[in-house]
Amino acid sequence: MEKKISVTVVDAMPGKFKTTWAMETMVRYAKGFQHMLPFIYITPYIDEVQRVKAYMKENGVDVKEPEAYKGKGSKSEHLKKLIAGRCNIVTTHALFDKIDAETLELFRVHMYALFLDEVHEVVKKHEMTEDDLELLTNSNYIEIQEDGQIKWLAEEYDGRFEEFRNLCNLGALFRYGDKIYVWCFPIEVFKYMFETYIMTHLFEGQLQASYYKMYGVEYKMKYVVREEGKCRLIDYKPEYDIQDKEKIKDKIHIYEGNLNYGKAISLSSSYLRKADKELLKTLKNNVYNYFKHKVKGKSIDNMWTTIKDCKGALSGSTYTKGFVPLNARATNKYKHKKNLAYVYNRYLNPIDKKFFEQRGVKVDEDLYSLSELLQWIFRSQIREGGEINLYIPSERMRRILKEYLDK
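What counts and how
Residues numbered from 1 in each chain as written. Predicted model: local features only at pLDDT ≥ 70, side-chain atom pairs only at ≥ 80, totals over all residues. Heavy atoms only, no water. Pairing = 2+ DSSP bridges. Helix = DSSP H or I, 4+ residues; strand = E, 2+ residues; numbered from the N terminus. Axes fitted to C-alpha atoms, helices over the stretch in contact; angles between N-to-C directions. Contact = heavy atoms within 4.5 Å. Parallel < 35°, antiparallel > 145°, perpendicular 65-115°, else oblique. Nonpolar A, V, L, I, M, F, W, Y, C, P; charged D, E, K, R; others polar. Buried < 20%, exposed > 50% of the residue type's maximum accessible area, 1.4 Å probe, protein only. Disulfide = S-S within 2.5 Å. Left-handed = near helix turned anticlockwise from the far one by under 90°. Phe/Tyr/Trp six-rings, centres within 6.5 Å; stacked < 30°, edge-to-face > 60°. Lys NZ or Arg CZ within 6 Å of the ring centre and 35° of its normal.

Focus on the sheet that holds strand 13 (residues 252–254)
Item 1. Ordered by their spatial adjacency, 4 strands build an open sheet running 13-16-15-14, and the pairing between neighbours is parallel. Looking at which strands have only one partner, the edges of the open sheet turn out to be strand 13 and strand 14 (302–305). Going from strand to strand, the sheet's axes swing by 20° on average, the running direction of each strand aside.
Item 2. Examined bridge by bridge, strand 13 and strand 16 (residues 388–391) share 3 bridges and lie parallel to one another. Paired with Ile254 across the strands is Leu390, a residue of strand 16.
Item 3. Taken strand by strand, helix 16 (residues 395–406) contacts strand 13, strand 15 (339–342) and strand 16, and its axis lies near 145° from that of strand 13.

Have a look at this one:
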């Protein structure tokens, strides 16, 4: 009988002890208080890897980080050796992306507990030319199945499409539309884990929730509480998020003035990339005006973001060094920041959205946008209860945030 995928989502606002709960639980796994299981902890940032390693060392748990050694192989090869030795492992999402069929087989044999600090990037575009795809099809190396999944047929192959072959063998490549190829994280990773824990906030708005629904994977929703210095999980209820919002909503001061835009100015990624110099100059002046005159903050207090393509055009004195990427999450590096500017109108990638919708999974785009915005906001001092000033020139993003806070 095939093992059922077991996923537990620990859904709570940033700063609500999710990582602390995970580290305490991993100590219990390692010492056999819960199950005598090896664990693998996946986090977005190297500094978080070091934090987890330090905690484990303080609690007498041996944990390894995959490393690349000159002449001895890559991080991916070292990861395989660590799994084969049933070592406790901590590493990044970037390395986890490079899982191949051999790594999957090692996970199947050795049965790990997986802890994901924030959701994983489960869907993204894979670049390949139509000519190359036609070549592989005509040479009978691949076939495209009815659901769009690309299946590798050749038993033996040694050539420039080796990475493509590996992804096909993982069941991770789909054709979508005329010339688009979608990389989809192999579901077998979760099948071969004893248990998967995901620590995040507003999971239902994130693509990993849509990914699980596409594969028919059910997941348990939990919330974390801290009592007498220890963390434990309880069943998730929407009112817990409402209670947490009540504690912070009066500490988020959203700018409502003439530096904002209405619906006519989208500020989406496509809009910003097509914006003329005059609009970009106005945006830059508005951000400068907000930091310099509206909140009168010191440079060290300022934090801002936009799409990477427009970072240079919108950078200005008093705030340039405070740039924090849109996808920042699971880091405490910016927890002293109190004046924020979010110069973007976040939408789902249309390819990702249609990919799931054509497979019968409805995606809530506003909830997705909200979850991404909140992740960014919570890099600031609001995560520790401090007050923040927030400039969001996009009418849509302001509306989504205010509706959430007022619910």
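Some details on the packing of helix 15 (residues 365–377) against helix 16
Item 1. Contact pair helix 15 / helix 16: the axes reach a minimum separation of 10 Å and the direction vectors enclose 85°. With respect to helix 16, the element helix 15 is oriented roughly perpendicular. Taken together, the residues of helix 16 that come into contact with helix 15 (itself represented by Glu365, Asp366, Ser369, Leu370, Leu373, Leu374 and Ile377) are Arg396, Met397, Arg399, Ile400, Leu401 and Tyr404.
Item 2. Here the contact of helix 15 with helix 16 is composed, by residue class, of 8 nonpolar, 1 polar and 4 charged.

Describing the environment of Glu357
Item 1. Secondary-structure assignment places Glu357 in helix 14 (residues 350–357).
Item 2. Given a relative accessible area of 36%, Glu357 falls into the partly exposed group.
Item 3. Separated by 99 residues in sequence, Glu357 and Asn258 have C-alpha atoms that sit 38 Å apart.

Structural notes on the state of the cysteines
Item 1. One pass over the structure, following the stated rule, counts 0 disulfides.
Item 2. Of all cysteine sulfurs in the structure, the one in Cys184 sits closest to Cys168, which takes part in no disulfide; the separation is 13 Å.
Item 3. The exposure class assigned to Cys168 is buried, which follows from its relative accessible area of 6%.
Item 4. Classification of Cys184 as buried rests on a relative accessible area of 0%.

A closer look at the packing of helix 3 (residues 75–84) against helix 5 (residues 101–110)
Geometrically, a packed helix pair is captured by the angle between its two axes and the distance between the axes.
Item 1. For the pair helix 3 and helix 5, interaxial distance at closest approach is 9 Å and the crossing angle is 15°. Accordingly, the angle class assigned to the pair helix 3 and helix 5 is roughly parallel. The way helix 3 lies across helix 5 gives a crossing that is left-handed. For the pair helix 3 and helix 5, contact is made by Leu79, Lys80, Ile83 and Ala84 and by Glu102, Thr103, Leu106, Phe107 and His110, respectively.
Item 2. Broken down by class, the residue content of the contact of helix 3 with helix 5 amounts to 5 nonpolar, 2 polar and 2 charged.

Observations regarding the packing of aromatic side chains
Item 1. All chains considered together, the criterion is met by 28 aromatic pairs.
Item 2. Summarising the aromatic geometry, the rings of Phe203 and Tyr219 are spaced 5.0 Å apart at their centres and angled 85° between planes, so their arrangement reads as edge-to-face. Highlighted residues: Phe203 in the loop between strand 10 (195–200) and helix 9 (207–214) and Tyr219 in strand 11 (residues 219–227), separated in sequence by 16 residues. Across this residue pair, the class does not change: Phe203 and Tyr219 are buried.
Item 3. Members of the aromatic cluster, each reached through a chain of ring pairs, are Phe96, Trp183, Phe185, Phe190, Phe203, Tyr211, Tyr212, Tyr215 and Tyr219.
Item 4. Its end group placed over the ring of Trp183, Lys124 keeps NZ or CZ at 4.8 Å from the ring centre.
Item 5. A cation sits over an aromatic face here: Arg396 above Tyr347, 3.9 Å from the ring centre.

A closer look at the sheet that holds strand 10
Item 1. Ordered by their spatial adjacency, 7 strands build an open sheet running 3-2-4-10-1-11-12, and the pairing between neighbours is mixed. Both edges of this open sheet fall to strand 3 (89–92) and strand 12 (230–235), since each of them pairs with a single strand only. Going from strand to strand, the sheet's axes swing by 25° on average, the running direction of each strand aside.
Item 2. Pairing analysis gives 6 bridges linking strand 11 to strand 12, with the strands arranged antiparallel. Each bridged residue has a counterpart across the sheet, and for Val225 the counterpart in strand 12 is Arg232.
Item 3. Of the strands in this sheet, strand 1 (7–11), strand 2 (39–43), strand 4 (113–117), strand 10, strand 11 and strand 12 are in contact with helix 1 (residues 18–31), which crosses strand 4 at around 165°.

Considerations on the environment of Leu283
Item 1. Take Leu283: it is sitting in helix 12 (residues 277–294).
Item 2. Given a relative accessible area of 0%, Leu283 falls into the buried group.
Item 3. Along the backbone, Leu283 and Met13 are 270 residues apart, and their C-alpha atoms lie at a distance of 31 Å.
Item 4. Dropping the residues within four chain positions of it, Leu283 is found in contact with Tyr261, Leu267, Leu272, Leu314 and Val343.

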